Amino acid sequence: MTFSNNRSLCKPRHPATFRACALGLALALATSTGFAATQAASAQPSASAVGTAAKASVSHIDFKRGDGGAGRLVLRFEGEGVAPDLRTQDGSVVVDVANAMLPANLQRPLNVTDFATPVQRIDARPYGGGTQLVLATRGEYESLAYQTGNEYVVEISPRAGTPAVGAVNSSNLAAAQAKVATRPYSGRPVTFNFQDVPVRTVLQLIAEESNLNIVASDTVQGNVTLRLVQVPWDQALDIVLRAKGLDKRRDGNVVWVAPQPELASFEKAREDARIELENRVDLVTDYIQVNYHSAGAIFKALTEAKGVGGSSGSQGNENGFLSPRGRIVADERTNTLMISDIPKKVAQMRELIGVIDRPVDQVLIESRIVIASDSFARDLGARFGIQGRRSGNNTAAIGGSLNQTGSIVNGGVGVPGGLNVNLPATAENAGALAYTLLGANFALDLELSALQQEGRGEVLSNPRVVTSNQREAVIRQGREVGYVTLTGGGNQAFATPNVQFKEVVLELKVTPTITSDDRVFMAVNVLKDEVLQYIDTSIGQVPEIATREINTAVLVDDGQTVVIGGVYEFTDSNSVSKVPFLGDVPFLGNLFKKKSRLKEKAELLIFLTPKVMRVEKRA
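None of the values given here were measured: they were computed from a predicted structure.

## With respect to the environment of Ser-575
Thought 1: Along the polypeptide, Ser-575 turns up in strand β29 (residues 562-578).
Thought 2: A C-alpha to C-alpha distance of 5.1 Å links Ser-575 and Ser-596, two positions 21 residues apart in sequence.
Thought 3: When residues no more than four places from it in sequence are discounted, the contact partners of Ser-575 are Lys-594, Lys-595 and Ser-596.

Right, dumping it as structure tokens:
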């Protein structure tokens, strides 16, 4: 049956006119129903009808949260002839069911605030021999109701632009606002208030309002009860279809309405016919030259996808990039892909490979490794020696050691190296001031030395590397330092010396990724080794190596320089070497002590600068 927009039964263009038309239709249906009821009353006693109505009751009350923060009240009834009525009273939504009793176990209030909908509370109670449900609401809302068989549904939705009340947190509130604001319904508002009206009649009214041609299948049957106030016609159509288990398919201004299983069966049959037709099409073979990629890599990516070729065209095989009969072969020598399939699939594969096989932009990564050092050292020291000899019945000698005193007794005063205090400045070329006093039986040697050193240095390394997008690049420079090790038993006499080597390198390892906003994301590893000194051992010299390494990931603009790491070291030390007691004597104690002070600063900085080198021309 077809409902066209050319019918003149009822063609409203304004909500008020449409409501009047709906009211007229409802009155006509009520009149016909009353006439039928009068005929039935002449055949059956009225007491029987009253008894049938009295058997109806509310069997179930349920509340759920719907899409967009809407509250959905679901009522189920036992018995026939139940006709609920929906109205608004003092900011609440009232549902009156005059001919259905409410069992005692359902006569209780329901607190539904936690559902975060405009409905806050539901009171179910007996009223006037029937049932009344009062839905206490909060905020701006829209209400609609529809009935299917013995199930009656009331939906209370927050008005567009108004958030749902009682949201748990701000994220839920924002999601509810976004969902309400992006409703797909844009039809002209309509108002329906029908009691047990055939579904085909409702579809006819919607066709008149929407200027669409609605084609209803012969299997579309049944009645529906609706109360919709100022609801877009396309939303009203979805509600009717959902209430009766129907679905629609639109082609231009023609809408086909049928039960969901019927539509699914039709679409499945059409798809099976399409697949059967493709299985009868002759295969073609095409050769695709790969220029900027590896044919083997593309072949692996396509064949690892689920359902790509590989079987003898069985009907149950899932289709991937190729049809069940399709085949693909990669020739790595010529970097060519050979595809055999139906023409449509071959064209799709050529388009897909054209998207993959494109030149990749390159990135120049320039790094600078700066090691700046600053040192300061100051040494103050003294060397002091006294020698003397007295001869008589007993010979007495003074010197810096027993060896020196023995030499003085035997050879006289003036033995070289006869120092009592030997605390000079550490460096051999330190500035010194010496004084010697030599007598017949005594000698006095005094030397003051002072040293001050300052040093500044800077080591700069500048490795550079060019690589393709998302390809790791490594650049290394350095040497191998050899040292001797012993292997064998615990006895060193039977141990075997071996020469091993340790790498001392400067290495830059980076993997760049060019983002869509022309920035560069880099995974970086920088290694800087340096030989500090050689340590003497019983089997030779062993190198002491200083290692500096950083491993990080950064996001940098094209051409921007960023410092990805820095280490600052500072050393400040003071030391005093002195002769006990004598070194603590004011002024003269400086002759019996040595003072040293050392300050060292070292700073490591690593700079990175990526520069994108465009290869492919952009539109």
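## Re the pattern of salt bridges
Thought 1: Applying the stated rule across the entire model yields 23 salt bridges.
Thought 2: Arg-87 serves as the salt-bridge partner of Asp-96, at 2.8 Å between the closest nitrogen and oxygen.
Thought 3: Judged by relative accessible area, which is 15%, Asp-96 ranks as buried.
Thought 4: Across the pair Arg-519 and Asp-557 runs a salt bridge, and its minimum N-O distance is 4.0 Å. Note that Arg-519 is positioned in strand β27 (residues 519-537) and Asp-557 in strand β28 (residues 540-557), a separation of 38 residues in sequence.
Thought 5: Judged by relative accessible area, Asp-557 falls into the partly exposed class, the value being 35%.
Thought 6: Among the charged side chains, a salt-bridge network with shared partners connects Arg-72, Glu-155 and Arg-242.

## With respect to the sheet that holds strand β18 (residues 336-341)
Thought 1: Pairing is antiparallel in the open sheet, where three strands are placed in the order β16-β18-β17. Edge positions in the sheet fall to β16 (284-289) and β17 (327-331), since each has one partner strand and no second. Neighbour to neighbour, the strand axes of the sheet diverge by 15° on average, direction disregarded.
Thought 2: Bridge analysis of β16 against β18 gives six bridges, and the strand direction is antiparallel. The residue of β18 that forms the bridge with Ile-288 is Leu-337.
Thought 3: Relative to β17, helix α7 (residues 295-303) is tilted by about 155°, and along the sheet it contacts β17 and β18.

## Remarks on the sheet that holds β28
Thought 1: Sheet architecture is open: four strands sit in the order β25-β26-β27-β28, paired in antiparallel fashion. The open sheet terminates on both sides in strands that have one partner only, identified here as β25 (473-487) and β28. Taken pair by pair, the neighbouring strands of this sheet meet at an average axis angle of 15°, ignoring direction.

## Description of the pairing of strand β15 (residues 254-259)
Thought 1: Alignment of strand β12 (residues 213-216) against β15, held across four bridges, turns out to be parallel. Each residue of the ladder has a partner; that of Ile-214, found in β15, is Val-255.
Thought 2: Looking at chain direction, strand β14 (residues 246-251) and β15 are connected through six bridges and run antiparallel. If you follow Asp-247 over to β15, its bridge partner there is Ala-258.
Thought 3: In sequence, β14 turns back onto β15 through a hairpin of two residues, with Gly-252 there showing a positive phi of about 70°.

## Some details on the nonpolar core
Thought 1: Grouped together as the largest cluster of nonpolar side chains are 32 residues, with contacts concentrated most on Phe-192, Val-202 and Val-257.
Thought 2: Secondary structure elements with two or more residues in this core: β9 (141-148), β11 (189-198), α4 (199-210), β12, β13 (223-232), α5 (233-243) and β15.
Thought 3: When residues in this core are grouped by element, the largest group, seven residues, is from α5.
Thought 4: When residues of this core are assigned to domains, at least three fall in each of domain 1 (57-158) and domain 2 (186-275).
Thought 5: Of all hydrophobic cores here, the second largest spans 26 residues; its members include Phe-77, Val-93, Ala-100 and Val-119.

## What to know about the confidence of the model for the protein chain
Thought 1: Residue-level pLDDT values for the protein chain average 77, and 76% of them are 70 or greater.
Thought 2: Low pLDDT, under 50, characterises residues 1-54; the stretch is placed with 56 contacts to residues that sit more than four places away or in other chains.
Thought 3: Under a pLDDT of 50 for its full length, residues 162-182 has, in the predicted model, 23 contacts with residues more than four places off or in other chains.

## Some words on the side chain of Gln-147
Thought 1: Relative to the helices and strands, Gln-147 resides in strand β9.
Thought 2: We classify Gln-147 as buried; its relative accessible area is 5%.
Thought 3: A distance of 3.3 Å separates a polar atom in the side chain of Gln-147 from the backbone oxygen of Val-82.
Thought 4: Gln-147 has contacts with Val-82, Pro-84, Tyr-152, Val-224 and Thr-225, leaving out every residue within four places of it along the chain.

Conventions we followed
Residues numbered from 1 in each chain as written. Predicted model: local features only at pLDDT ≥ 70, side-chain atom pairs only at ≥ 80, totals over all residues. Heavy atoms only, no water. Helix = DSSP H or I, 4+ residues; strand = E, 2+ residues; numbered from the N terminus. Contact = heavy atoms within 4.5 Å. Salt bridge = Lys/Arg side-chain N within 4 Å of Asp/Glu carboxyl O. Buried < 20%, exposed > 50% of the residue type's maximum accessible area, 1.4 Å probe, protein only. Pairing = 2+ DSSP bridges. Axes fitted to C-alpha atoms, helices over the stretch in contact; angles between N-to-C directions. Core = buried A, V, L, I, M, F, W, Y, C linked by side-chain atoms within 4.5 Å. Domains from an automatic or database assignment. pLDDT = per-residue confidence, 0-100. Polar contact = N/O pair within 3.5 Å; in protein donor to acceptor, adjacent residues only side chain to side chain.

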